[in-house]
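# An overview of the molecular structure
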Amino acid sequence: MVSPGNEPWPVRVRAEHGEVLGAGMALDDRHVLTCAHVVGAAGGTDLPDAEPAWTVLVDLVGQPNRQTVPARVVPGCWWPPTSDGRDDIALLELADPAPQGPFAPLRRMRGTWDRRVIMYGFPETLEHGVYVEARLTGRSGAGRERVQMLSATTGPQVSPGFSGSAVVDAQTGHVVGMVVSTYRDGGRVQDVAGGTDPGSGLSWMIPIETILGRLPRLRAQVPGESSVDARFRSTEDTPANPRVLRQLADFFGRLSSDNVLVIVIDHRESDVAAAVRQAAVLSSRELRPSIDPEKISDAPPIGSIDLAVDATDRSTKDVSRRIADWVGEADAASTAPGHDPAAETTPRSIIINNIDEAAEPDTLLSEVVLPLVDQAPARDLRMLLTFRGTSIPLRTTLLVSRVASLQATEKAVRRAYRRAAAVVADVPRLQPRAIELRIQLTKLRAAAATVDGDTLAALLASTERAADRALGAAESVRREIVAREDLWSELHGRLGAYRAMAVQHRLAEDPALGTSYRRAHDLLLTAPCDLVAAEAAVRQYTEAISHRTDGRRGGAGS
């Protein structure tokens, strides 16, 4: 890695007559990655479907001697933007090799929300380039293939001239994407150097996984594995079970409240197995076929499955390492205040396939699967666990753990209810299910010696579904209780802050404001507090204070 600001891989792309078209990044001594529309702009016409024949100039601005090298599109490495805003990728080959590296350290991304990133581009007004800082804010665009970025609405922003720039993770120094577009407010391009003229701050990047899907030749340059194990990429022609595929699309699309889904796969060539494999592949930016997303029915959203692991014949250590490698030590190494390592090192959605065919199924269940399952309700994880057989003993062990987790969650909800009900009104109550499910578990164990395997499997599946519904309901009630407590605390703090503002501006003795304050204060401190009435009263008081103080500031400045 190199120190920030000294990266040698950024390049500037120009037309042969000198016009700056955009940016790019050197991947090795002969190849540069950029956007197709950057190269297309050199032709002065609409983007061609086939590789353009013209040459562009690549300024190696990160290199000590800053030389300029002609370049052309590599055959088969041209993906112009589609009409609905996908693709827009081009790989260039330099006429002469770049003198030195290191080159852009491409990495697959391990999560997008609120990650700080840095970009270096070449807007028209700044010939030598400028850095822009932004935060990733989630999937966006057609098929959710792109990732939205948000920079400050004043100061440097992504603008024309940044297309093709590397998006660098500020924490690790890895390149996790490529700038592809920026938002134009009312058709007016925001000046990237403007410090007072606010812009939208919106821009978008293409993640490295999407780029690898279009340019598989680059996979050898990217350390680590795809998020989907190779065993999911079957070439068999077995049609996927449509019911199961729809179920998985809803589950990973978070349209259902379940956190854990257990599926039994009779045999590897079954339509259920095909549905699981297809769901994993279709959710992957890197592996999803290059076809219109609208033509793929019942597919999980792109990027909705973080990791798909096949446990067949693998040791517990191997599966555990695979999950750990998904994050990587560098990605998890944060010492920021309030940092929660477990939140970053646990995928938010995962498939663990064929658990009962692992080399050590009991150990895998106890050391890897159950700890993740225990986190699922509180962290809102999505876990698909598949078994190749009915696996009654393994699934019963899993169910026992889930019922114990339910019992602990219900106990926590009861404590939270007592605490919250002493302060606020209308606190939701939980309908307990743990005792009922423990009785069901006892019946299940007793039935093991007397009923046939199919009946026992059906009873187990029914109890699994009931446990998951109960866990989801308990966690939902817990979150609602916490939200009501948090709202009360926030209103109390807001009222106190505006009361202090009133004192500062000598408004504390104002009769109307005093009456408004006392009403809000009494509503908040009269237990149980009516949050709806209290929130309205606090809002009335704070808006009145804001109006009076804004008026005074306006008068003083005139």
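The coordinates are above.
Description of the structure in this document. (Residues numbered from 1 in each chain as written. Predicted model: local features only at pLDDT ≥ 70, side-chain atom pairs only at ≥ 80, totals over all residues. Heavy atoms only, no water.)

Let's shift gears to the overall build of the protein. Helix and strand counts for the protein come out as 13 helices and 16 strands. When the 558 residues of the protein are sorted by exposure, 48% land in the buried category. When the accessible surface of the protein is summed, it comes to about 25,700 Å², and 51% of that surface belongs to carbon and sulfur atoms. (Helix = DSSP H or I, 4+ residues; strand = E, 2+ residues; numbered from the N terminus. Buried < 20%, exposed > 50% of the residue type's maximum accessible area, 1.4 Å probe, protein only. Areas by Shrake-Rupley, 256 points an atom, 1.4 Å probe, with all protein chains shown as cover.)

Bringing the packing of helix H11 (residues 453–504) against helix H12 (residues 511–525) into the picture now. Direction vectors running N to C along H11 and H12 enclose 155°, while the axes themselves pass 11 Å from each other. When the axes of H11 and H12 are compared, the pair comes out roughly antiparallel. In the crossing of H11 with H12, the sense of the turn from one axis to the other is left-handed. Touching Trp488, Leu491, His492, Leu495 and Arg499 of H11 are Tyr517, Ala520, His521, Leu524 and Leu525, all from H12. Looking at the contact of H11 with H12 residue by residue, the classes come out as 7 nonpolar, 2 polar and 1 charged. (Axes fitted to C-alpha atoms, helices over the stretch in contact; angles between N-to-C directions. Parallel < 35°, antiparallel > 145°, perpendicular 65-115°, else oblique. Left-handed = near helix turned anticlockwise from the far one by under 90°. Contact = heavy atoms within 4.5 Å. Nonpolar A, V, L, I, M, F, W, Y, C, P; charged D, E, K, R; others polar.)

The next thing to look at is the pattern of salt bridges. Within this structure, the stated rule accounts for 26 salt bridges. The partner of Arg246 in a salt bridge is Asp298, with the nearest N and O atoms 2.4 Å apart. Here the residue Arg246 occupies a position in helix H3 (residues 242–252), and Asp298 occupies one in the loop between helix H4 (271–282) and strand E14 (307–310), the gap between them amounting to 52 residues. Salt-bridge contacts for Glu464 lead to Arg395; the nearest nitrogen and oxygen are separated by 2.9 Å. A residue pair is termed long-range when its members are at least 10 positions apart, and Glu464 in helix H11 and Arg395 in helix H9 (residues 392–421) qualify at 69 residues. Its relative accessible area of 12% is what places Glu464 among the buried residues. (Salt bridge = Lys/Arg side-chain N within 4 Å of Asp/Glu carboxyl O.)

So, on to the sheet that holds strand E5 (residues 68–79). The strand order around the closed barrel built from 6 strands is E1-E2-E3-E6-E5-E4, with neighbouring strands paired in antiparallel fashion. Recorded for the sheet is a direction-independent mean angle of 40° between the axes of neighbouring strands. Pairing of strand E1 (residues 10–14) with strand E2 (residues 20–26), which is carried by 5 bridges, proceeds in the antiparallel orientation. Counted as the bridge partner of Pro10 is Met25 from E2. (Pairing = 2+ DSSP bridges.)

Residue Pro528 is bonded to the preceding Ala527 through a cis peptide linkage, with omega at -10°. Mapped onto the elements of the fold, Pro528 is located in the loop between H12 and helix H13 (531–557). Non-glycine residue Asp313 carries a positive phi angle of around 60°. Turning to its location among the elements, Asp313 is positioned in the loop between E14 and helix H5 (316–327).

Our focus in this paragraph is the sheet that holds strand E9 (residues 146–151). Ordered by their spatial adjacency, 6 strands build a closed barrel running E7-E8-E9-E12-E11-E10, and the pairing between neighbours is antiparallel. Averaged over all pairs of adjacent strands, the angle between strand axes in this sheet comes to 45°, irrespective of strand direction. Taken together, the 5 bridges between strand E11 (residues 175–182) and strand E12 (residues 202–207) define a ladder with antiparallel strand orientation. Its bridge partner being in E12, Met178 is matched across the sheet by Ile206.

Another point: the nonpolar core. Counting 44 residues, the largest nonpolar core has Met25, Val175 and Ile211 as its most contacted members. Among the elements that line this core, the one with the most residues is E5, at 6 residues. Counting 25 residues, the second-largest nonpolar core is a separate cluster that includes Val309, Val319, Ile350 and Ile355. (Core = buried A, V, L, I, M, F, W, Y, C linked by side-chain atoms within 4.5 Å.)

Here we take up helix H10 (residues 434–447). Over its 14 residues, H10 extends 20 Å from the first C-alpha to the last, a length consistent with the 20 Å expected when each residue adds 1.5 Å. For H10, every residue scored as buried is listed here: Ala434, Leu437, Leu441, Leu444 and Ala447. Along the long axis of H10, the arc covered by the buried residues comes to 135°, so they all point the same way. Turned more than 90 degrees away from the buried face of H10, the exposed residues are Ile435, Thr442, Lys443 and Ala446. On its buried side, H10 packs onto H9 and H11. (Expected span 1.5 Å × (residues − 1). Arc of directions from axis to C-beta.)

Right, let's talk about the side chain of Ser226 for a bit. Summarising the element assignment, Ser226 is placed in the loop between helix H2 (208–214) and H3. Excluding residues within four positions of it along the chain, Ser226 makes contact with Arg108, Arg233, Glu286, Leu287 and Arg322.

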